[in-house]
Amino acid sequence: MKKWWKEAVVYQIYTKSFYDSNGDGIGDLRGIVQKLDYIQKLGATVIWLNPIYQSPDVDNGYDISDYQSIDPRYGTLDDFKELLEKAHARGIRLIMDMVLNHTSDEHKWFQESKKSKGNPYRDYYIWRPAKNGKEPNNWGNYFYEGRGSAWEFDETTQEYYLHNYSKKMPDLNWGNPNMKEDMCRMMRWWLDLGVDGFRMDAVNRLVKPKGLPDSPNPPTPPVGIYGYVVDRTMCANCPGIHELLHELNQEVFQKYDMMVVGETGNVDTAIAIDYVKEEREEINMVFHFEIAKNPVLKTVVEIKEIERRWNHVVMEQNGWITQYLSNHDTPRQVSFFGNDKEYRYESATMLGLLMHTHPGTVYIYQGEEIGMTNVDFPSIEYYNEKYTVGKYETMVESGVDPETALNSLKHTSRDNDRTPMQWDDSDNGGFTTGTPWMHSNPNYVDINVVREEEREHSVLRFYRTLTSLRKEHPVMVYGDYHQMLEDDEDLIVYLRQYEKETWLVICNFYGNERSMPQKVQEILDQEHGTLLLGNYDDVTNETAEQIRPYEARIYQLS
Ligand code: NOJ
């Protein structure tokens, strides 16, 4: 069935790093308002805002202390309303990040919860007594924080609380009906204000395994020396999660014309289908981690197999899927999957074309559209995000040499994607007139929006073409998907077909030159393929037979 959210091009904004309108070094809502023309021209139809709620900011806003206030660093509720209104006036919808797995320890619920065992908010969180004088189980926190346990002892009531992430982010107890009701009310409040949906953080982890058993796996280095196991499978997809999401759907989602995309680590297609199959009435689509799985780089043959399987969710199972290669938790896609030096333009555009021509809703992470790259910071002081810092500290404490520790984390650090947006070649890439909260990538002098407007080979203009094609050619959204050359180790080739339109897409995923496979050439000859878009501008009859480094082409077949 046709839906606006299937057709959407979602532009993800990490507000803190997007555009600073008041010179305090932190991106803000008014900054986004000032850049709405840019977003509209890019062709985005939905904005996804990373959390902008009031927060002590230990995890850049994923630690929420008040769900119904805007953090003053980002602006006011009136600024938010203005942004929403102005985005809507341009035909751009807006979705919020909804973090339901945990709150900040400074949230009033947790402040109450820790006061006494009998407090009405006690069971909003997960408290347990010590087991044999130690933590209730062997779970390690995902941030490698402190010495690694996922439990923190609280003196007042002499019990431990669970925190899968930072100790400043206690996990909520979804078995508590009052908390559930409070959360539903809060979500409806945002929807009544006019927001168009949610990106649900860690949504398949809301329900914990019964009895909170130990992980059976061995301790995870480097926190392994303290005996803890960082095992993300323990809280993923536990019994009861589908009932909960169905309930949220009935209580909230189905009452609005909205989209819900869930962030779900530890899912494959067999698991995902139960979240997204339309008739189950849970959520619309999930972000899986099978391709953009930091730090594991998949081969082309593996990527093709993954895409085939996910396509099955759409074609055979009446579900919907997402296409993305990076976000605020990953390295920059052109650096991770492509070649950000010799072939920055070619690989950035090939990756963009690949995502936009696969079935599913497309997500662009800010800066991707100008080919922003990973950053090479000289020391740990430059890093900000919890995962890199926590892991670095634990590694060093366990005896790893600091330089080795840093080098092992640099390329996959989440900070690669969080450096300020590069608007022009003025100080700090024009992101702020003040001191940016985080160091800019020094390559802003060459890689920035203004330069991209001027360049002959511009990633930005290529992205604009992709998004405008999506509006004109429903085959990009609703077309069937058939891969060819499944075992080819460089090329990703597929056909998309919808009503009278058929496309053949060829992407060379690597820097090798390849000759056109005979099977593909035959189709192009028989079906009179005409080139609709490519990232090399000199494709003639002669050059067409060679597929150059990171070359990508869309052919229309007759
Ligand atoms: C996933 C978010 O994308 C990430 O940035 C955050 O640290 C964790 N969830 C915890 O909320």
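For the structure itself, consult the block above.
Residues numbered from 1 in each chain as written. Predicted model: local features only at pLDDT ≥ 70, side-chain atom pairs only at ≥ 80, totals over all residues. Heavy atoms only, no water.

Colleague: So what exactly am I meant to see when it comes to the pattern of salt bridges here?
Modeller: Oppositely charged side chains are able to pair whenever their charged atoms sit close together. Summed over the entire model, instances satisfying the criterion amount to 44 salt bridges. Note that D182 is salt-bridged to R185, the shortest N-O span being 3.1 Å. In this pair, D182 and R185 both sit in helix 6 (residues 177–193), three residues apart, roughly one turn of the helix. Accessibility expressed as a relative area gives 19% for D182, which makes it buried. The exposure class assigned to R185 is partly exposed, which follows from its relative accessible area of 45%. Here E263 makes a salt bridge to R199, at a shortest N to O gap of 3.5 Å. Of this pair, E263 sits in strand 10 (residues 259–263) while R199 sits in strand 9 (residues 197–201), and the two are 64 residues apart along the sequence. Take E263: its relative accessible area is 10%, and that puts it in the buried class. Ionic contacts of the salt-bridge type, sharing partners, join the residues R344, D446, R451, E452, E454 and R455 into one network. (Salt bridge = Lys/Arg side-chain N within 4 Å of Asp/Glu carboxyl O. Helix = DSSP H or I, 4+ residues; strand = E, 2+ residues; numbered from the N terminus. Buried < 20%, exposed > 50% of the residue type's maximum accessible area, 1.4 Å probe, protein only.)

Colleague: What is the right way to read the packing of aromatic side chains from this model?
Modeller: Counted by the stated rule, this structure contains 31 aromatic pairs. A ring pair is formed by W109 and Y124, whose centres lie 5.1 Å apart and whose planes are at 75°; its orientation type is edge-to-face. Remark: Y124 occurs in the loop between helix 5 (108–113) and strand 6 (127–128) and W109 occurs in helix 5; sequence separation between them is 15 residues. Assigned by exposure class, W109 and Y124 land together as buried. Aromatic rings pair up to connect Y53, Y67, F80, W109, Y121, Y124, W189 and W190 into one cluster. (Phe/Tyr/Trp six-rings, centres within 6.5 Å; stacked < 30°, edge-to-face > 60°.)

Colleague: I'm lost on unusual backbone geometry in this one. Help?
Modeller: Omega for the peptide link from P221 to P222 comes to -10°, which places this bond in the cis form. Although it is not a glycine, L212 sits at a positive phi angle of roughly 45°. Relative to the assigned elements, L212 resides in the loop between strand 9 and helix 7 (241–251).

Colleague: Any chance you could explain the environment of P442 here in plain terms?
Modeller: One can find P442 in the loop between helix 13 (402–410) and helix 14 (449–454). Owing to a relative accessible area of 58%, P442 belongs among the exposed residues under this scheme. Spatially, the C-alpha atoms of P442 and Q422 are 9.7 Å apart, while their sequence positions differ by 20 residues.

Colleague: Looking at this structure, I do not really get the nonpolar core. What am I missing?
Modeller: If you look at soluble globular proteins, the nonpolar side chains tend to sit buried side by side. Counting residues in each nonpolar core, the largest one holds 164 residues, and the members touching the most others are I39, F80 and F198. Other than its neighbours up to four places away in sequence, F198 contacts I95, M96, M98, M187, W190, L191, F253, M258, M259, V260 and V261. One finds L485, L495, I523 and L557 within the second-largest nonpolar core, a separate group that totals 15 residues. (Core = buried A, V, L, I, M, F, W, Y, C linked by side-chain atoms within 4.5 Å. Contact = heavy atoms within 4.5 Å.)

Colleague: I keep staring at the environment of V203 and nothing clicks. Help me out?
Modeller: For V203, the position within the fold is in the loop between strand 9 and helix 7. A sequence separation of 300 residues divides V203 from W503, and the C-alpha atoms of the two residues are 35 Å apart. Ignoring anything within four residues of it in the chain, the contact list for V203 reads I241, L245, G262, E263, T264 and I283.

Colleague: Is there a simple way to explain the site of the ligand in this structure?
Modeller: Taken together, 13 residues form the shell around the ligand, and within it D59, H102, D201, H328 and D329 come nearest. Here D59 contributes a side-chain N or O atom positioned 2.5 Å from an oxygen atom of the ligand. Here H102 contributes a side-chain N or O atom positioned 3.0 Å from an oxygen atom of the ligand. Burial of the ligand by the protein amounts to 97% of the accessible area it has alone, namely 300 Å². Class assignment for the residues of the shell around the ligand results in four nonpolar, two polar and seven charged. (Near = heavy atom within 4 Å. Polar contact = N/O pair within 3.5 Å; in protein donor to acceptor, adjacent residues only side chain to side chain. Areas by Shrake-Rupley, 256 points an atom, 1.4 Å probe, with all protein chains shown as cover. Nonpolar A, V, L, I, M, F, W, Y, C, P; charged D, E, K, R; others polar.)

Colleague: Honestly, the pairing of strand 1 (residues 9–13) in this entry has me stumped. Any pointers?
Modeller: Across a regular strand the side chains alternate sides, sitting on one face of the sheet and then on the other. Taken across its five residues, strand 1 has five buried, putting it largely inside the fold. Direction of pairing for strand 1 relative to strand 13 (residues 361–365): parallel, over a ladder of four bridges. Bridged to Q12 within strand 13 is Y365. As judged from the four bridges shared by strand 1 and strand 2 (residues 46–49), these two strands associate in the parallel manner. Its bridge partner lying in strand 2, I13 is registered against L49. (Pairing = 2+ DSSP bridges.)

Colleague: Where do I start with the packing of helix 6 against helix 7 in this structure?
Modeller: Packed helix pairs are specified by the crossing angle of their axes together with the interaxial distance, meaning the distance between the axes. Viewed as axis vectors pointing N to C, helix 6 and helix 7 meet at an angle of 45°, and their least axial separation amounts to 10 Å. The pairing of helix 6 with helix 7 is recorded here as oblique in orientation. When you trace helix 6 past helix 7, the crossing you get is right-handed. Of helix 7, the residues touching helix 6 (which contributes K180, C184, M187 and R188) are L244, E247, L248 and E251. (Axes fitted to C-alpha atoms, helices over the stretch in contact; angles between N-to-C directions. Parallel < 35°, antiparallel > 145°, perpendicular 65-115°, else oblique. Left-handed = near helix turned anticlockwise from the far one by under 90°.)

Colleague: Would you mind showing me how to read the sheet that holds strand 20 (residues 552–557) here?
Modeller: What holds strands together in a sheet is hydrogen bonding between their backbones, with the strands either parallel or antiparallel. Read across the open sheet, the five strands follow the order 14-15-16-20-18; overall the sheet is antiparallel. Bordering the open sheet on either side are strand 14 (480–484) and strand 18 (530–534), each of which pairs with just one other strand. With direction set aside, neighbouring strand axes in the sheet form an average angle of 25°. Looking at chain direction, strand 16 (residues 501–508) and strand 20 are connected through six bridges and run antiparallel. Residue I506 lies in a different strand from strand 20, and its bridge partner there is R553. The sheet contacts of helix 11 (residues 344–356) involve strand 15 (491–498), strand 16, strand 18 and strand 20, and relative to strand 16 the element is tilted by about 145°. Where helix 15 (residues 459–472) meets the sheet, its contacts fall on strand 16, strand 18 and strand 20, and the angle it forms with strand 18 comes to roughly 125°.

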